[in-house]
Amino acid sequence: MKKLTEAGALACLMLPLTAAPEVRAAGFRPAETWVEEFGVSGGWRVDRHPRLLGDVDGDDQADVVGFGEQSVVVALSTGERFGEPETWVDNYSFSNGWRIDKHPRFLVDVDDDGRADVVGFGANGVFVSRSTGSAFEPPKLWLDGFTISRGWRVDRHPRFLADVDGDDLPDIVGFGHDGVYVATSTGAKFRQPDRWLDDLGYEQGWRVERTPRVVGDVNDDGRADIIAFGDDGVFVARAGEAHFTAAEMWLTDFGHDQGWRSDRHVRLLGDINGNGRPDIVGFGEDGTLLALSRPGDFDQPEQVLTTFGYEQGWRVDRHPRHLVDIDGDELADIVGFGQAGVFVATSNKTGFRAPERALADFGHDQGWRVGVHVRALADVDGDGHLDIIGFGDHGTVVALAED
């Protein structure tokens, strides 16, 4: 793992000259309970009941969608609190046979109407319930595939929803047994899946617990590509017309052979320098490493922070770390839920500013546990800044981003 060099500073001289965005100190208001529901005391469990955030009514404010014991329950945001939870569809729940270790569920806008919908990979097909703004429609079978009855397993075969054909509709990308399969969307159903790549599957040696695979647009062409962290480095397969290009090694780092382990080290993608392409941020053994993207490869990683790493006490099973734009400058920043609270390191395009504790809450010392409580970032009040939402012991608490 390499130390910071002058290359990062030199790179910024090559960027187009634009007006510097205002740098806003990242911070959050004190956490407040927005609704006394979706918490541990109400019977919600991480291993049974997914809780997601998305704008389901089209008002640009993220709402709570909980896949509960009996049904899907929604609490709409007013911008100051969450309304009383209401059942939006009697399905996708534990009592209906849905299990976290068998049936992935997503919240995405499948028809580009500005409202998030439910997509569930059930026992016998991919089901969709579109939002009407006040309820989810009954589940409709959009595709007979990608399911456990067809051999797809959560612990073997990652599945994503992303736009791979550039039509602004999310498609299914599945890393199967013998390669990568894609089912493109029409906005009303998913087409029959085709194998887009004879690689990056289970038969080729790729494992969920060892070699993560994600999707992101590496060349800013409007199509989601594959970024795969293999044994010997980072591979990229770009989306084309009804296929992915052959996976090419873009970087000989961040792989298993270079010492990266999923149970110790976190690897994330985000646009750090504002060029429209995802960069790699790795929380490694000794701190935070950054590999900026270029056309056709990634720069060699540089250590940009001596924190957020394993040697500094950060643990995968205790301290979630996110890469999101927290200060509104369209550059991805680090938000870490640490031992003593929430720590933020904002991007300066070539690295990150020194981290600051933005809130003395939501940390391990305050009783938050990865296997018990869910913490997320979303804009719940519609001001364009991400807020913290925590599903705690006694309900849902929110810390709004400071203006």
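Conventions we followed
Residues numbered from 1 in each chain as written. Predicted model: local features only at pLDDT ≥ 70, side-chain atom pairs only at ≥ 80, totals over all residues. Heavy atoms only, no water. Helix = DSSP H or I, 4+ residues; strand = E, 2+ residues; numbered from the N terminus. Rg over C-alpha atoms; globule rule 2.2 N^0.38 Å. Buried < 20%, exposed > 50% of the residue type's maximum accessible area, 1.4 Å probe, protein only. Contact = heavy atoms within 4.5 Å. Pairing = 2+ DSSP bridges. Axes fitted to C-alpha atoms, helices over the stretch in contact; angles between N-to-C directions. Core = buried A, V, L, I, M, F, W, Y, C linked by side-chain atoms within 4.5 Å. Salt bridge = Lys/Arg side-chain N within 4 Å of Asp/Glu carboxyl O. Phe/Tyr/Trp six-rings, centres within 6.5 Å; stacked < 30°, edge-to-face > 60°. Lys NZ or Arg CZ within 6 Å of the ring centre and 35° of its normal.

Caption draft 1: Molecular detail of the overall build of the protein chain. Counting its secondary structure elements, the protein chain contains 1 helix and 30 strands. Compactness check: the protein chain gives a C-alpha radius of gyration of 21 Å against a globular reference of 22 Å for 403 residues, within 12% of the reference. Expressed along its principal axes, the backbone C-alpha trace of the protein chain runs to roughly 55 × 50 × 40 Å. Sorting the 403 residues of the protein chain into buried and exposed places 51% on the buried side. When contacts within the protein chain are restricted to residue pairs at least 6 apart in sequence, long-range pairs at least 24 apart make up 45% of them.

Caption draft 2: The sheet that holds strand β8 (residues 126-129), seen in detail. With antiparallel pairing, 4 strands are arranged side by side in an open sheet as β6-β7-β8-β9. For this open sheet the edge positions go to β6 (105-108) and β9 (140-143), each flanked by a neighbour on one side alone. On average, each strand axis in the sheet is tilted by 30 degrees relative to the strand beside it, whichever way the strands run. Relative to strand β7 (residues 117-121), β6 runs antiparallel, the two being bridged by 4 bridges. Following the sheet pairing, L107 is matched in β7 by V118.

Caption draft 3: How the structure looks around the sheet that holds strand β20 (residues 288-291). Spatially, 4 strands are ordered β18-β19-β20-β23 in an open sheet, and the strand pairing comes out antiparallel. In this open sheet, the two strands that pair with only one neighbour each are β18 (266-270) and β23 (302-305). On average, each strand axis in the sheet is inclined to that of its neighbour by 30 degrees, with strand direction left out of account. Relative to β23, β20 runs antiparallel, the two sharing 3 bridges. Bridge pairing in β23 places L290 opposite E302.

Caption draft 4: Structural view of the nonpolar core. Counting 17 residues, the largest nonpolar core has V164, V173, V180, L200, I226 and F244 as the members making the most contacts within it. Counting only elements with at least two residues in this core, the list comes to β11 (171-175), β12 (180-183), β13 (194-197), β15 (225-229) and β16 (234-237). Beyond its immediate chain neighbours, meaning those up to four positions away, V173 contacts P158, R159, F160, V164, V180, Y181, V182, V215 and F244. One finds I326, V335, I388 and A401 within the second-largest nonpolar core, a separate group that totals 16 residues.

Caption draft 5: Inspection of the pattern of salt bridges at higher detail. Applying the stated criterion to the full structure yields 11 salt bridges. Across the pair R115 and D113 runs a salt bridge, and its minimum N-O distance is 3.2 Å. Judged by relative accessible area, R115 falls into the partly exposed class, the value being 23%. The exposure class assigned to D113 is partly exposed, which follows from its relative accessible area of 33%.

Caption draft 6: Geometry of unusual backbone geometry. Here the phi dihedral of D60 falls at roughly 70 degrees; this positive angle occurs in a residue that is not glycine. Tracing the sequence through the fold places D60 in the loop between β2 (51-54) and β3 (63-67). The backbone of F146 shows a phi angle near 65 degrees, a positive value even though the residue is not glycine. Mapped onto the elements, F146 comes out in the loop between β9 and β10 (159-162). By relative accessible area, F146 is classed as buried at 3%.

Caption draft 7: Expanded view of the side chain of T346. Relative to the elements of secondary structure, T346 occurs in the loop between β26 (342-345) and β27 (356-359). When sequence neighbours within four positions are dropped, the list of residues in contact with T346 reads A26, I326, D327, D333, G351, F352 and R353.

Caption draft 8: Representation of the packing of aromatic side chains in the model. Tallied over the full model, the rule gives 19 aromatic pairs. Judged by centre distance (6.2 Å) and plane angle (75 degrees), the ring pair of F38 and F391 falls under edge-to-face. Pair noted here: F38 is in the loop between β1 (32-35) and β2 and F391 is in strand β29 (residues 387-391), with a separation of 353 residues, a long-range link. Relative accessible area serves as the criterion here: at 0%, F391 is assigned to the buried category. Summarising the aromatic geometry, the rings of W142 and F190 are spaced 5.2 Å apart at their centres and angled 65 degrees between planes, so their arrangement reads as edge-to-face. You can see W142 sitting in strand β9 and its partner F190 sitting in the loop between β12 and β13, a full 48 residues away along the chain. By the burial criterion, W142 is buried, and F190 matches it. Three or more aromatic residues link up through ring pairs in this structure, and these residues are F283, F308, W314 and F343. Seen from the ring of Y310, R264 lies directly overhead, with NZ or CZ sitting 3.6 Å from the centre.

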